[in-house]
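Residue-level structural notes
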Amino acid sequence: MIDTGFYTIFWREMLAIRKKFWKVLSGSLVMPVLYLVTFGWGIGRGVRVGQGNYMDFILPGIIALSAMNSSFNGVSVTLNISKLYYKTIEEILVSPISPWAITLGRILAGCVRGLFSACLIVAIGLILDVNLGFGPSFFATVLLLSFAFGALGVLAAMLTRSHEDMTNFSNFVILPMAFLSGTFFSPDLLPQPFRSLILVYPLTHGSIALRALATAQAVPLSALAVLFGYAVVLFLLAGLSVKRLEL
Amino acid sequence: MIRLDHLTKRFDHFLAVDRLSFEVPQGEVFGLLGPNGAGKTTSIRMLTTLASITSGQAEIAGIDVSRNPIGVKRVIGLAPQGLNLEIELTAEENLEFHGRLHRMSRHDRRARIRELLEFSELWEKRNVQVQKFSGGMKRRLLITRAIMHRPKVLFLDEPTVGLDPQIRRRVWDMILGLKAQGITILVTTHYIEEADFLCDRVGIMNRGRLVALDKPQSLKNTTGIYAVICSRMNGCPPRFFNDRDEAVRYASELEGDVTVRQTNLEDVFIALTGEAIHD
Ligand SMILES: Nc1ncnc2c1ncn2[C@@H]1O[C@H](COP(=O)(O)OP(=O)(O)OP(=O)(O)O)[C@@H](O)[C@H]1O
Ligand SMILES: [Mg+2]
């Protein structure tokens, strides 16, 4: 089903990212830095969650959030422009590369973006001297999260028919998820049924898993399983949407 | 090399391509001529697997387009009507990406890129971002990219649209060079001279239908090689003659501005459809 063609697609994305490296870098910094300043220092100074301070609490959440945003936006926006505006996707569609390879190559590029922005915030965290640890399983989880949202990005780009559709998708799906998914507060604080609703969001499980891993608690297997399930299902849907695309 | 059998495309209730049937033998330059909206691009999109086929069949190099799209993609090249180059990449990177998409070896890619960029006179510009190219350079790169992987059949959708006459000549030379290499070419155009100059045979399309198909000269012969054209003001319909004296005699009977000249493909189109290609 999947051939080595995915690497060609991935190669093209990496080439493009290298060409606008500084744009990508600054682009992935703005949002998390604003959150860190607003919630970490501004509002968070007096807030305590459990035993730790608030900065230690929100940093893993912000990492999950930026990995999601970088991967989802990086994949969906470029693909959407390529589909609607430059039509460069047609160059790929008339070449003998399977839709699954196109999907995988794009998602892997999203993973690189997600991982990259996660590393930036980890670096900021290290500079701020937070009381957290970042091991290989932490970064592997970032990768899994970025994969799921890269796949969602492909799916969204394939299903939307205009730029407005894409903006709406971001506003109605991505933005609420960003605020509600336990990034800034623990879902345990919410009353039912909101608590269960929020557990539907994949980002919630990303935040839970990353927070547990960074604070050296027991590895949250259920959260990882949910993320993995999302990654698989979204990949299949994304591949099908590319296969069925007709411009 | 190309075979269409009642190829049809319907968008909701609109028939964009209506039972198109013709064959193009290997090495021929075949032109699809028709006004805006005739269905030329839609036909090409079906033949190149970009659009689904509503009904009918198409074969490229003996491969069925709807049953084996990947097989078809291996043997075709497409230079679409819109310039879908990667504008952030350089000319060379565009070709490199295309070569990788078609699984050409690194060695082959490198040699072919040089050969083709020299052929299209873009070698000096190989490291320039395509964004900075002129329209004519982009068009040449687009065609160059389409032949990078040595396709057997090449589809050129309006390859000279918006180019000035001089650059247009260069693109024509390029196309004839490809024909000399034995590539089968299907080219669409709404420029009369282009169809006349480039094509071995021309299919004239109007509103999704093929209304005539023959060698340019034969099309003119059937219509009549001399055209008597009135100026717009006195509005008499054009008439065609195969005998020059007869044409002149008819013209002298008319009042106002009347021209006698050789028939061109636009006249053929008007005679067949009662409409002008350009309005
Ligand atoms: N995706 C689509 N949905 C609905 N109608 C379409 C679609 N694509 C093309 N059409 C219609 O099909 C008809 C044929 O369009 P097509 O692009 O094939 O014409 P063309 O001969 O290439 O014209 P041009 O010379 O302007 O390029 C047009 O009337 C067009 O509006
Ligand atoms: Mg067209």
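Going by the structure above, here's the rest.
Let me begin by describing the structure that accompanies this report. (Residues numbered from 1 in each chain as written. Chains lettered and ligands numbered in written order. Predicted model: local features only at pLDDT ≥ 70, side-chain atom pairs only at ≥ 80, totals over all residues. Heavy atoms only, no water.)

**Some thoughts on the packing of aromatic side chains**
To describe a pair of aromatic rings, one takes the distance between the centres and the angle between the planes. Residue and element names in this part refer to chain A. Convention followed: Only rings of Phe, Tyr and Trp enter the pairing, Trp through its six-membered ring, and a pair is recorded when the two centres are within 6.5 Å. The plane angle decides the type: under 30 degrees is stacked, over 60 is edge-to-face, the rest tilted. Per the convention used, a helix needs a DSSP run of H or I reaching at least four residues, while a strand needs a run of E reaching at least two, with both numbered from the N terminus. Think of it in three bands: residues with accessible area under 20% of the maximum for their type are buried, residues over 50% are exposed, and the middle band is partly exposed, with areas taken using a 1.4 Å probe on protein chains only.
Taken as a whole, this structure holds 19 aromatic pairs over all chains when the rule is applied. Here the aromatic rings of Y35 and F39 are separated by 5.9 Å at their centres, their planes lie at 50 degrees, and the arrangement is tilted. Here Y35 pairs with F39, and both are found in helix α2 (residues 21-43), just 4 residues apart, close to one helical turn. Overall, the relative accessible area of 14% leaves Y35 in the buried class.

**Looking at a nonpolar patch on the surface**
Residues and elements named next belong to chain A. Spelled out, the test is: Residues enter patches when their relative accessible area tops 30% and they take part in no salt bridge; the joining distance is 9 Å for like charges and 5 Å for the nonpolar side chains Val, Leu, Ile, Met, Phe, Trp and Tyr. The protein chains shown are the only cover counted for residues, whose accessible areas, like all others here, come from Shrake-Rupley with a 1.4 Å probe. Salt bridge, as applied in this entry: a Lys or Arg side-chain nitrogen positioned within 4 Å of an Asp or Glu carboxyl oxygen.
On the surface, V33, V37, W41 and L128 cluster together to form a nonpolar patch covering roughly 310 Å² of accessible area. With 3 residues, α2 is the largest single contributor of residues to the nonpolar patch. Tracing the backbone through its elements, the reader meets W41 in helix α2.

**Some thoughts on the interface of chain A and chain B**
Condition: Two residues qualify as a contact provided that any one of their heavy atoms is within 4.5 Å of a heavy atom in the partner residue. Buried area is calculated as the accessible area (1.4 Å probe) missing from two parts once they are joined, with the contributions of both summed. The definition of a polar contact used here is a pair of N or O atoms within 3.5 Å, where within protein one atom must be able to donate a hydrogen and the other to accept one, and adjacent residues in sequence count solely through side-chain atom pairs. Residue classes follow a fixed rule: Ala, Val, Leu, Ile, Met, Phe, Trp, Tyr, Cys and Pro count as nonpolar, while Asp, Glu, Lys and Arg count as charged, and any other residue, Gly among them, counts as polar.
Chain A puts 25 residues into the contact, and the matching count from chain B is 28 residues. A per-residue breakdown of the area chain A buries against chain B is headed by E91, V94 and P96 of chain A, which together make up 28% of the total. On the surface where chain A and chain B come into contact, there are 6 salt bridges. Ionic pairing is found between K20 of chain A and E88 of chain B, a salt bridge with its closest N-O pair at 3.8 Å. Counting across the chain A and chain B interface gives 10 residue pairs in polar contact (both at pLDDT 80 or more). Residue contributions to the side of chain A that touches chain B peak at 9 residues, all from helix α1 (residues 5-19) of chain A. Its residues assigned to classes, the side of chain A that touches chain B comprises 12 nonpolar, 5 polar and 8 charged.

**Details of the coordination of the magnesium ion (ligand 2)**
Residue and element names in this part refer to chain B. Quick note on the threshold: Because no water is among the atoms considered, metal sites can look incomplete, with donors defined as N, O and S atoms within 2.8 Å of the metal, or 3.2 Å for Na, K and Ca.
Those protein atoms acting as donors to the magnesium ion (ligand 2) are T41 (OG1) and Q81 (OE1), and they sit at 1.8 to 2.2 Å. Of the two residues, T41 is situated in helix α1 (residues 40-47) and Q81 in the loop between β6 (76-79) and α3 (91-101); the sequence distance between them amounts to 40 residues. For T41, a relative accessible area of 26% puts it in the partly exposed group.

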